[in-house]
Amino acid sequence: MEEFIPPPEAPVFQPTPEEFRDPVAYITKIRPVVVNTGICKIRPPPGWKPPFSIDAEHFEFTPRLQPLNELDARTRVKLNFMDNLAKFWELQGITFKIPNVDRNPLDLHKLFKAVTREGGFNQVTKTRKWVLLTKELGYENSSVASSLRTNYEKYLYPYELFQAKNGKLKLREALKEAQCGGSQSPQPPSTSSTSQRAKYSLRHRRGCSEDQDLNLSETKIDPGNPEFKKLAFICPGPKSACVVKAGADKTPVMLGVKSECTGGGGGGSQSAKLCTESSLQLSHMDRVNKVEQLKCYKCRKGNCEDKLLLCDGCDGCYHIFCLEPPIPSVPPGDWRCPSCVAKECNSLYDSFGFEQADNPYTLDSFGQKANMFKQHYFNQPPTQVPFSVVEKEFWRLASSMDDEVTVEYGADLHSSRHGSGFPLKGTARSPEQEEYVQSGWNLNNLPNLKGSVLHYVDANISGMKVPWLYVGMCFSCFCWHIEDHWSYSINYLHWGEPKTWYGVPQAYAEALEATMKEQAPELFEDQPDLLHHLVTNLSPSILMKNGIPVVRTDQCAGEFVVTFPRAYHAGFNQGFNFAEAVNFSLGDWLSLGRQCSSHYQVMRRSPVFSHDEMLCKMMADPQNLDLVLLVDSANDAVSMYKQEEKLQENLEQKGFVNEERMVFELMSDDERQCCFCQATCFLSAVQCSCSPGKMVCLNDLDHLCACDDAKKIFRYRYTMEELHGMVVAVQKRASYFKNWCDKVECILDGGLPEKPGIEVLRGLAEEGVEKSYTEHYLQDELESAIQEVDKLNTAANQIIASKHRAKLPNGSQALDVEGLRMFVKEMESLPCTLPALEPLRERVRQIEAFQTKADEELVELTESLEHGQFGSVGHLEQLIKNGENLDVEMAQLAELKNVLNQVRWVSETEAKLKLEVMSIDALKSIIKQGSGLPQNRAVESVLEKVREVLSVAQDWEQKAKGVLKQRPPHTASVLQQLLVKAQDIPIELPTLKGLEEALEKADQWKIEVQRMQEGNKYPHFNVLRSALSNGRAIPVKLEALIQLETRYASAKAWIDRAAKLLLKKNITNSLLESILPRTKVSFPHRHTSKSVKKKSESDSTPPGNMLADLAGDEAMELEKIRSMEKEEVEYMRELRAENSQKVQRDEELKGSRAATSPVLYCFCRRPESGYMLQCELCNEWYHASCLHLTKGKQCSVEKDSRFVCTLCVRTRRPRLDGLVSLLISLKKVPVIVTEGLALQCLVERAIAWQKRAKQFMVAGSAGLETVRQQLRRMEELKVNIRRWRAEAECSRDWKSSTSIQVQLASSAGSVLQHYATELDHIRNSYAGLTVSKRGELEDLLMEGDLLEVTMDEVQQLWLLLQEDSECRAAFEKAEEACMDHNDSSMTFSEENLKKRRSTQLTNEQAPSKRKCRGSRRNSPVSPRNKSSDADNLESSGSINEGLDCSEEILEEDEGECSVSNCLQPMADQISWVQCDQCQQWYHVTCVGLTREFVEKLDSYICSSCQAEPETALCAGNGRVEMNRMTQLVST
């Protein structure tokens, strides 16, 4: 199989929006290019996108079936041959199978063609050409020659003999003779039916029936419309055709063939019986009866009955040995005699056509099927298959006999029935759609445009003037064809995948037809008009091999493809798409259209319209005829007139006397159709009275009838005089137009011997406007030429009159000599003469004279410069001035200026070198100027001097910069050597000053270092660092710098070590800032408002800056640090007092209702909320959430009860011994470090504080032991007081005489008085910390917290303070309990014997409640506040035994309201009242009384006691208590 080679691409045009407005003019413009390719593609401007106007939901169509391998001409020939061969053997009862040779199926058709071309089997065998045929058939192994001969002899040789004896040639000749004899009726039908033919056809197995009758009714075409009858096969654009039968029956037309039969006993001939229906109606019994009478048709004998064969078609009888060639045995199955075989095999096949699909489709259903087919075939998404892959596969399938692929194509769908894809009049829904309705590129409008010839055809011919629609799928195709009447066609792809086109230019149309006939002559023998049927394809590769140029293009959605007249074209669809096509014709087509009409007459094919009728309609109104068509129609009219004149002269010679005018256009096309050539008559025709319904044209007079010419009638539309007048009228206007065109073309092309003036051009332009030639392109060219002449004339006048440098007419560049010459030539090439041309020529002559003189001067000046001789420049300046007056750029003028510049530059440079001291930049500028001048000996000599001086200076500069940048730097001697060399260079050196400054700085630095080391003192770290920074910046090697670097490194290492020991991670403060004492200036308190904070931060001074002014003076720095220590203590006291007042101020703000801002706490500067902690140093309160404390950490803080905020703890606070070790290492550093001084002060301060703390702890511990003993004694007193109080209480309820009660009270009071005396003694001798001692301890603890050192004494002092606070609290509570009991017992006096009591308890007398403040009720408090909080005492774990006894007193003294549902009044609302009977206490509010009312009562009994009988109380407690009190009194 031959490989497909893609043809070259067809031209693609992209018109501008202006060009796209007129399709006729644009296609006319591109015609010279496309006529050489046949087809082209046009891409509309980007904004041109017509809407798709078809209702896709209701669009239905029935596609045609296309078996791809039957479309190719060569493949179809092979298939026909194989069908005949199979039928030949099947009719003889032998099953035919294709043999294999060399493991591949044998191409029998190719073998048969090769053998018959060499003369047949016998000739090839005789000449021994089987080996040559082996190579011709493509077999490399010559040993297959014997196999080829055997297979040919077995399968093809009998068929060769059959074709030689009963071949198709004789049959076709007989058919032609019958047709020429005038018989137009079909022959009697053959006895073999279409079903019998299909039985033996290989195509029947492919499901493609050859004999299916696809008539007009089956294709749903109205048979009454003559237009559709004519277009049964021919239609515009890509189309498919169907076969139309001549007869009404479905039986194929077959002819009988006569056969000579000779008997063995004598000659004679007998006509072979035709296989008629009557011969097939013999009964079985009749055949049995006639068996005995049968004799061999060949030998005329009836012997050897077992060797007799009876034909199943005609009942003919033959011996198997009488057959040619003889057969060895009786074949099984049906058998046909040679006569029947000849009739069956030589029967004419129906014309090949496409079948209709069984069911109609919608666009959606067809698209789904098309996409699914392509996806399954290529096994990938449809849109991703490359175009080239689909193209190669299509042509492979078309030429393959094994791969059978059938596709469907919705072709030739009438837009009049289904609608057009373009919007039509009345269907536009918006102004944008209205634009496309009126567009000339709308295919519904294009055929009817003024410049289109079809505009003069009245009938709306479907397919030519009315577009047809095409719905394609992958591989659906349109075969090689040309358009009806060889007209133009245009195809627009609305949407979908591309459509691939192939085209052949008009000049190679006949060559293509000849190639097709050469490739498949058998097809054209059966159907001479095969190419008109659009059912035959041939690969473009084969056409190109035969010398036929073919082009291709891929038409994408939104693009047009235009085919030109008589340009064969074909193609296929890449996938599912929707296209629309129509025909149109331009003026250049008229001559081809007349040739096509003559061709149709020869082919006896019906035209679509009458060419003469259309031309006469164009000539009827020549004044309104389009200019594009005028000349072409006039030429075609002359040809028509001459042709008609010749035909009528021939008619007169034959003696026609009867003539009659007939208006042919009023008749239908069928009524005026020539009955022989099928032409549509218009100008003239002939009829006879014997057959009134028949008519012939003047070319076919002999084919009308055999009657005498005198009886025939000549019908004419116009007389020759009328026709001549019409032709003359058209020619006259055409001649005027042609003469005008000739004049314009002659002037524009320069064909006149003498050019006219501009007035002649303007006169022709006015004539064109007057005679309405404005639409012609020559009018536009003429007006453009006039505009160009005016433009050049204006430019020429400006050049002549200009006093400034002139420019070219386009203004792009200054006018030089060559430009002026070109401008003069351009003026000379104009189609007319101008007055300004001669002055310009004179200007050119002057310029040439100046150039000659300038060249002479340049030669002399160049020689002078070479020898270094500089004369006067005045003459040179005058010459340059003369050249500038010519206002033209000249090379000589530029050269003169260059020479002048050279002389001036050399003189000025030499003067500067002698008199001035220039800088390097000035030298570079001079060199740049000199380099830009044309070089000669003088310029080069001066340039060399300047470059030499510059080179020396640059070398020195490079060395000096290298010395200054060298690391480590050079010694001072190297810099001094450079300074010495610089004195010999007469140039300003920029780096010289840098060298001098470096040496000066080095000397100054050495002096500073010596001063710093005077007296064997250690330098200060800051001074050392400054000196190192200055020394490193000096580009001179300094010996002392290394020693200073060592000292600095040791000091820096010590500082880093100290920072690592002291500083926290991610801290922003420096080491010095962290260890210096806090001051109000350097460390302002951060817990202030925003405005205050901003001010304090801006005014704050870091501690390092405070000591910066003292750098270098160790004593002053130590003095400053010690003063800062004092300031730190005072500052912290003020801060503690300020933060302590916040709580009181917060309580006051809460109690008042005034709208004031709340007190702010913590880092976040927000009011109190949630759990809060107080710093032990600064007394500031912090939110636990801001400290990021979890619940576990909160409990830990509560347990430790000591918290110092992060603002107060600035460092890691290492232990004192670590700092002492650090200070000892500092002694080895030979540098005074401010951080070391600060650390020294810190250590000294810590040691002094540690000593004070130890002394205080010794005294405080002894006092606390005494306090514990006093607490134990107070516990004993509490027990005694409790016992005596109980006895006193019992006496109150005792129902005895008043005297007994008085006696008991007196005894109890005496005992309590004794206890009170002892309590006063204990109170006066309290051994704990006094107020002054506690204040001293708190100040000492604050000073310890200020130190950035961790010392155990801080924690010990804090524990001492805590223990003292706990003991003091317990002592105070025990004392209060004892005093309370004492006071209560003493109330049993004579004045209070009456049972009336009303008391308002204060916070000290009422049951004691734990104090709390707002949301900090559960928060840890300072040591001072913890002394009054019993809960904290209970959880601290460090309270002594005395605390337990005081707690018991507290619990006993506390009371709760006895009402079950107590109202729980606030502290300031609590008032108590005691029941005189049950001794229970109640809130005054809970029992529904007021404080004033209770005070007036003599006694009070609760509601519970009022409900109980009085006797119960007396019989119970009263009696028992009475006995006890009696005993007490007696004691």
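What counts, and at which threshold
Residues numbered from 1 in each chain as written. Predicted model: local features only at pLDDT ≥ 70, side-chain atom pairs only at ≥ 80, totals over all residues. Heavy atoms only, no water. Axes fitted to C-alpha atoms, helices over the stretch in contact; angles between N-to-C directions. Helix = DSSP H or I, 4+ residues; strand = E, 2+ residues; numbered from the N terminus. Left-handed = near helix turned anticlockwise from the far one by under 90°. Contact = heavy atoms within 4.5 Å. Buried < 20%, exposed > 50% of the residue type's maximum accessible area, 1.4 Å probe, protein only. Pairing = 2+ DSSP bridges. Right-handed = clockwise from strand over helix to strand, strands pointing away. Salt bridge = Lys/Arg side-chain N within 4 Å of Asp/Glu carboxyl O. pLDDT = per-residue confidence, 0-100.

*Asks:* So what's going on with the packing of helix α31 (residues 937–965) against helix α33 (residues 990–1012)? Residues and values would help.
*Replies:* Two elements in contact, α31 and α33, have axes whose closest approach is 9 Å; the angle formed by their N-to-C orientations is 35°. Of the two elements, α31 crosses α33, and the hand of that crossing is left-handed. Contacts from Trp 956, Glu 957, Ala 960, Lys 961 and Leu 964 of α31 reach α33 at Pro 990, Thr 991, Leu 992, Gly 994, Leu 995 and Ala 998.

*Asks:* So what about the pairing of strand β2 (residues 39–42)? Which residues, and what values?
*Replies:* With burial as the criterion, each face of β2 is covered, one bearing Ile 39 and Lys 41 and the other bearing Cys 40 and Ile 42. Bridge analysis of strand β1 (residues 12–13) against β2 gives two bridges, and the strand direction is parallel. Residue pairing in the sheet places Val 12 in a bridge with Lys 41 of β2. For the handedness criterion, the β-α-β arrangement of β1, helix α1 (residues 23–34) and β2 is classed as right-handed. In terms of strand pairing, β2 meets strand β17 (residues 560–563) through four bridges, oriented antiparallel. When the sheet's bridge partners are listed, Ile 39 is paired in β17 with Thr 563.

*Asks:* Account for the sheet that holds strand β12 (residues 468–472), with residues named and values stated.
*Replies:* Pairing in this open sheet of nine strands is mixed, and the strands run β1-β2-β17-β14-β19-β12-β11-β4-β9 from one edge to the other. Each end of this open sheet is capped by a strand with a single partner; those strands are β1 and β9 (355–356). Judged from the four bridges that link them, strand β14 (residues 488–496) and β17 form a sheet pairing that is antiparallel. Bridge pairing in β17 places Ser 489 opposite Thr 563.

*Asks:* An account of the environment of Glu 759 is needed here, citing residue identities and associated values.
*Replies:* Tracing the chain through its elements places Glu 759 in helix α24 (residues 758–770). The sequence separation of Glu 759 and Ile 786 amounts to 27 residues, and the corresponding C-alpha distance is 9.7 Å.

*Asks:* Talk me through the pattern of salt bridges; I want residue IDs and the actual numbers.
*Replies:* Within the structure shown, the criterion is met by 45 salt bridges. With its nearest N and O atoms 3.5 Å apart, the salt bridge here joins Glu 1130 to Arg 1133. Of the two residues, Glu 1130 and Arg 1133 both sit in helix α39 (residues 1114–1151), three residues apart, roughly one turn of that helix. Classification of Glu 1130 by relative accessible area gives partly exposed; the value is 42%. When the shortest N-O distance is used, the salt bridge between Glu 1343 and Arg 1252 registers 2.9 Å. Taken together, the positions of Glu 1343 in helix α44 (residues 1331–1346) and Arg 1252 in helix α42 (residues 1234–1292) put the pair 91 residues apart, joining distant regions of the chain. Assessed through its relative accessible area of 42%, Arg 1252 is described here as partly exposed. Connected through salt bridges with shared partners, the residues Arg 1078, Glu 1128, Arg 1210, Arg 1213, Arg 1245 and Glu 1348 form a single ionic network.

*Asks:* With reference to specific residues and values, describe the sheet that holds strand β18 (residues 569–573).
*Replies:* What the four strands build is an open sheet, ordered β13-β18-β15-β16; its pairing is antiparallel. Looking along the sheet, the strands with just one partner apiece sit at the ends: β13 (477–481) and β16 (551–555). Going from strand to strand, the sheet's axes swing by 15° on average, the running direction of each strand aside. With five bridges connecting them, strand β15 (residues 499–503) and β16 associate as antiparallel partners. Bridge pairing links Tyr 502 to Arg 552 in β16.

*Asks:* Lay out the confidence of the model for the protein chain with the relevant residues and their values.
*Replies:* Low-pLDDT portions of the prediction should not be read for the details of their coordinates. Here the protein chain shows a mean pLDDT of 75. Residues at 70 or above account for 76%. Confidence over residues 1509–1531 falls short of pLDDT 50; this stretch has 25 contacts with residues more than four positions distant or in other chains.

*Asks:* Explain the pairing of strand β23 (residues 712–716) to me, and be specific about the residues and the numbers.
*Replies:* With four of five residues buried, β23 lies mostly within the body of the structure. Note that strand β20 (residues 658–661) and β23 share four bridges and pair parallel. Paired with Asn 658 across the bridge in β23 is Ile 713. In terms of strand pairing, strand β21 (residues 684–688) meets β23 through five bridges, oriented antiparallel.

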